[in-house]
Protein chains: 2
Amino acid sequence: MDVARRAGVSQKTVSRVFNDEPYVSAEVRRRVLQAADELGYRRNNAARALASGRTRSIGVVTLGTALYGPASLLMGIERAVRDMGYALRVVNTMEGDPAGVAGAVDSLLDQGVDGIVISEPIDEGSDGTVEGAGSLRVDVPVLVLGAPPLFAAPQVVTAGVVAELLARVATEHLLDLGHLTVHHLAGPGRWYAARDRLEGWRAALAARGRDAPPVVEGDWSAASGYAAGRALASDDDVTAVFAANDDMAIGLIRALTEAGRRVPDDVSVVGFDDIPVAGYVTPPLTTVRQPFDAVAQEGLKRLVHAIENPNADPLPASDPPVDLVVRASTAPPPPRTTPGMGDVRPEHDLT
Amino acid sequence: MDVARRAGVSQKTVSRVFNDEPYVSAEVRRRVLQAADELGYRRNNAARALASGRTRSIGVVTLGTALYGPASLLMGIERAVRDMGYALRVVNTMEGDPAGVAGAVDSLLDQGVDGIVISEPIDEGSDGTVEGAGSLRVDVPVLVLGAPPLFAAPQVVTAGVVAELLARVATEHLLDLGHLTVHHLAGPGRWYAARDRLEGWRAALAARGRDAPPVVEGDWSAASGYAAGRALASDDDVTAVFAANDDMAIGLIRALTEAGRRVPDDVSVVGFDDIPVAGYVTPPLTTVRQPFDAVAQEGLKRLVHAIENPNADPLPASDPPVDLVVRASTAPPPPRTTPGMGDVRPEHDLT
DNA sequence: ATGAAAGCGCTAACAT
DNA sequence: ATGTTAGCGCTTTCAT
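A. Up close: the packing of aromatic side chains. Taken as a whole, this structure holds 10 aromatic pairs over all chains when the rule is applied. Between tyrosine 68 of chain B and phenylalanine 292 of chain B, the ring centres sit 6.4 Å apart and the planes meet at 75°, which makes this aromatic pair edge-to-face. Placement of the pair is tyrosine 68 of chain B in helix H5 (residues 68-83) and phenylalanine 292 of chain B in helix H11 (residues 292-308), with a sequence separation of 224 residues. For tyrosine 68 of chain B, a relative accessible area of 26% corresponds to the partly exposed category. Residue phenylalanine 292 of chain B is classed as buried on the basis of its relative accessible area, which comes to 9%. Above the face of the tyrosine 192 of chain A ring, arginine 195 of chain A is positioned so that its terminal group lies 4.5 Å from the ring centre.

So this is what it looks like as structure tokens:
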């Protein structure tokens, strides 16, 4: 090619310079670099991929929501992928998408990627399984974040199953405050993320020998938290609720407050995520923070290891940090008195 | 190639089948498809890109934050890109990144993309300009979302400069309620998104002949809104504030409330974005909603047009819808009385 | 330390 | 309606 001619060397030598291979004299390297610069040369990735069989890119399958958790995780993934020297390709699977995760993976495979990240998948089949996951032939390593392995691939690594631990910590915080039990406002059952939190809550209660009250299921939205709150407010036994995300917690608190149940005086609420406004709503929300960046980095390190060392053993997983943020939405339970309504005092306008 | 041999046709015919080109008999098409299926064939994108000179992919440069606005826009872009039949590559520019937008664009160009989307850029240079934007040679069409054109590229199209309009609507809403003027809690001045909103606010005031009070600048966070609120609370002339995003509005409201200024009775607040919890904080927030999906779709349609018709005129821009969501954080101003503190009553715990 | 030759798997341009 | 012939711009392999 032109750069080679201009520098008076062979094509291969140019290739060596750009790939930082050894055995090029400083003088030749300089000439090549200069020629390339003058010509505005940049190497063609398609040709590289074709010749080498590697694309140096990683594909990620996400849910296509701007929810704080998934969006934060995606940003962490982008950063981790770039830090590892790969390019990132993104495909969303909207909820209700007929093709689902399998379709997204297929499209990534079509595009050509060296590895795939599946971020916080959900069940899609009516039978509670990931659509088509079994039938798809995946010939690159896969990293599943926040869910069990889903595909038969040369190497499947998982990371970020930390939600269960965080849910335990959140529940224990309420128990430690003296609450006899903790109710749970769960996310949609089809989300692995929701089920992990549910399991953590259940485990924390079981460890203290407490019965788990019936679960209320929301859809992550504040509106669903509000609806749950209206139902829960009439039950005086409810003194503590662990909500599976902050949005629902905020809706829940609003419904409780409107029903005359003060937070945290009458009912304590813990959220999940620590969204940006969590410290500024009324009352400031006690919540747990997910280590998105740490999870993404750790997962990617292991995925790239699997890509670059196909026959080596997978890298071991390590435990990410846990971060409980205690604010003002949690307090010890109210003193046990004769049943009856507390002082009902609606404080705020409705919409 | 194997598929061709197995189907007993030429390589070119296989190519025709997979590209839906005309002039293949139904019979041959069937045979080819079957052979491909049996072999688990999928076409190699690198080879396609190399031979055709097109990658069928679009790169997007984003800010790498999980803020609701940018994250929503990114999701809209992904969807739009996929709908147009392209693959999406993502590169973030973290704030403070020395390479900045130019570095991200460069890396996209390295990867090989047919077009580039720059999503909500910010100024990076200390002199208030986009770092290196001028010196970079970009030879593919560029779409800039929410900012003026930044690069000299074969075609540069912009879309989504709707923030200014939305800011006008928000400000006018407060004016219509009877407020004499409206204060503005702006986003960081380096963000075009912040400056657009500032301009819209200023224009709305100017159109009614009102003076624009001094601007308070935040950093999008609820904490910065809270800090601004403490400062504003002591000024009894402040009866209406337009915040450049909902997070800041929520922090602002908290500070006002703690200072004994009731919202909306004493001070009205309008936010920007309609984040998921906006309707469930106290009081439910009046805000404007950005048409992210519409902006992304329209922008991408025009970008793809520029990619596929290099010599044609750019498609005209169209106006996206405007959506003011009126909730309970805005009301007419309080009756003008003798100056003095209202009833100070701190209602909630601090963190 | 450098070069020559071959070929990765497609599509473009031209047959037939 | 189908086939042939060339490359696309690199990396690989093997020489030197």
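B. Looking closely at the protein's contact with DNA strand D. Taken together, 24 residues sit near DNA strand D, with Gln11, Lys12 and Ser15 of chain A together with Thr13 and Ser25 of chain B positioned nearest. Counting only the atoms of DNA strand D that lie within 4 Å of the protein, the sugar and phosphate share comes to 52%. One of the side-chain N or O atoms of tyrosine 41 of chain A is found 2.8 Å from a phosphate oxygen in DNA strand D. In the environment of DNA strand D, a phosphate oxygen lies 2.6 Å from a nitrogen or oxygen atom belonging to the side chain of threonine 13 of chain B. At the level of elements, helix H2 (11-18) and helix H4 (45-52) of chain A together with helix H2 (11-18) and helix H4 (45-52) of chain B are the ones that each hand at least two residues to the surface near DNA strand D. Split by residue class, the surface near DNA strand D holds 10 nonpolar, eight polar and six charged.

C. Expanded view of the nonpolar core. Membership of the largest hydrophobic core comes to 80 residues, with the highest contact counts inside it found for Ile58, Ile77 and Phe242 of chain A together with Ile58, Ile77 and Phe242 of chain B. Membership of the second largest hydrophobic core comes to 56 residues, among which are Ala194, Ala222, Val241 and Met248 of chain B.

D. Looking closely at unusual backbone geometry. At the junction of threonine 282 of chain A and proline 283 of chain A, the peptide bond is cis and its omega measures out at -10° in the coordinates. Its identity is not glycine, yet glutamate 120 of chain A carries a phi of approximately 50°, on the positive side.

E. Focus on the layout of surface pockets. One number sums up the size of the second largest pocket: a volume of about 1,100 Å³. Taken together, 48 residues make up the lining of the second largest pocket; nearest its centre are Leu109, Asp110, Gln111 and Gly112 of chain A together with Arg42 of chain B. By residue number, the principal contributor to the lining of the second largest pocket is helix H6 (residues 100-111) of chain A, which donates five residues. Split by residue class, the lining of the second largest pocket holds 21 nonpolar, 12 polar and 15 charged.

F. Local environment of the interface of chain A and chain B. Listed per partner, the contact involves 55 residues of chain A and 56 residues of chain B. Interface of chain A and chain B: buried area, both sides summed, is about 4,700 Å²; carbon and sulfur atoms make up 60% of it. Sorting the residues of chain A by area buried against chain B places Arg42, Met75 and Tyr280 of chain A first, and these three jointly supply 15% of that buried surface. The interface formed by chain A and chain B contains four salt bridges. When the shortest N-O distance is used, the salt bridge between arginine 42 of chain B and aspartate 110 of chain A registers 3.2 Å. At the junction of chain A and chain B, the tally comes to 16 residue pairs in polar contact (both at pLDDT 80 or more). If you list the elements that add at least two residues to the side of chain A that touches chain B, you get H4, helix H5 (68-83), strand E2 (87-92), H6, helix H9 (222-233) and helix H10 (246-258) of chain A. Top contributing element to the side of chain A that touches chain B by residue count: H5 of chain A, with eight residues.

G. Quick look at the relation of the copies chain A and chain B. Under the fitted operation, chain A is carried onto chain B by 0.0 Å of movement along the axis and a turn of 180°, and the coordinates agree to an RMSD of 0.1 Å. The transformation relating the two chain copies, once decomposed into turn and shift, fits a two-fold axis. Interface residue correspondence from chain A to chain B reaches 100%, placing this contact among same-surface, isologous pairings.

H. Quick peek at the sheet that holds strand E6 (residues 183-186) of chain A. Residue and element names in this part refer to chain A. The strand order E7-E6-E8-E9 describes an open sheet built from four strands, whose pairing is parallel. Each edge of the sheet is formed by a strand with only one pairing partner; in this case those strands are strand E7 (216-217) and strand E9 (268-270). Across the sheet, helix H8 (residues 192-207) touches E6 and strand E8 (240-243), and the angle it forms with E6 is around 175°.

I. Representation of the pattern of salt bridges within the structure. Residues and elements named next belong to chain A. Under the definition given, this model contains 36 salt bridges over all chains. Linking arginine 6 and glutamate 38 is a salt bridge whose minimum nitrogen-to-oxygen distance equals 2.6 Å. Placement of the pair is arginine 6 in helix H1 (residues 2-7) and glutamate 38 in helix H3 (residues 26-39), with a sequence separation of 32 residues. Residue glutamate 38 is classed as partly exposed on the basis of its relative accessible area of 42%. In this structure, arginine 208 and aspartate 176 form a salt bridge, with 2.8 Å as the shortest nitrogen-oxygen distance. With a gap of 32 residues between them, arginine 208 in the loop between H8 and E7 and aspartate 176 in helix H7 (residues 163-176) connect regions that are remote in the sequence. A relative accessible area of 35% means that arginine 208 is categorised as partly exposed. Each of the salt bridges in this network shares a partner with another, and the network as a whole consists of Asp274, Arg289, Asp323 and Arg327.

Conventions we followed
Residues numbered from 1 in each chain as written. Chains lettered and ligands numbered in written order. Predicted model: local features only at pLDDT ≥ 70, side-chain atom pairs only at ≥ 80, totals over all residues. Heavy atoms only, no water. Phe/Tyr/Trp six-rings, centres within 6.5 Å; stacked < 30°, edge-to-face > 60°. Helix = DSSP H or I, 4+ residues; strand = E, 2+ residues; numbered from the N terminus. Buried < 20%, exposed > 50% of the residue type's maximum accessible area, 1.4 Å probe, protein only. Lys NZ or Arg CZ within 6 Å of the ring centre and 35° of its normal. Near = heavy atom within 4 Å. Polar contact = N/O pair within 3.5 Å; in protein donor to acceptor, adjacent residues only side chain to side chain. Nonpolar A, V, L, I, M, F, W, Y, C, P; charged D, E, K, R; others polar. Core = buried A, V, L, I, M, F, W, Y, C linked by side-chain atoms within 4.5 Å. 1 Å grid on protein atoms, 1.4 Å probe; cavity = no way out; pocket = protein on both sides within 12 Å on 5 of 7 lines; lining within 4 Å. Points joined across faces, edges and corners; volume = space filled by probe spheres on them. Contact = heavy atoms within 4.5 Å. Buried area = accessible area lost by both parts, 1.4 Å probe. Salt bridge = Lys/Arg side-chain N within 4 Å of Asp/Glu carboxyl O. Least-squares fit on C-alpha atoms with pLDDT ≥ 70 in both. Pairing = 2+ DSSP bridges. Axes fitted to C-alpha atoms, helices over the stretch in contact; angles between N-to-C directions.

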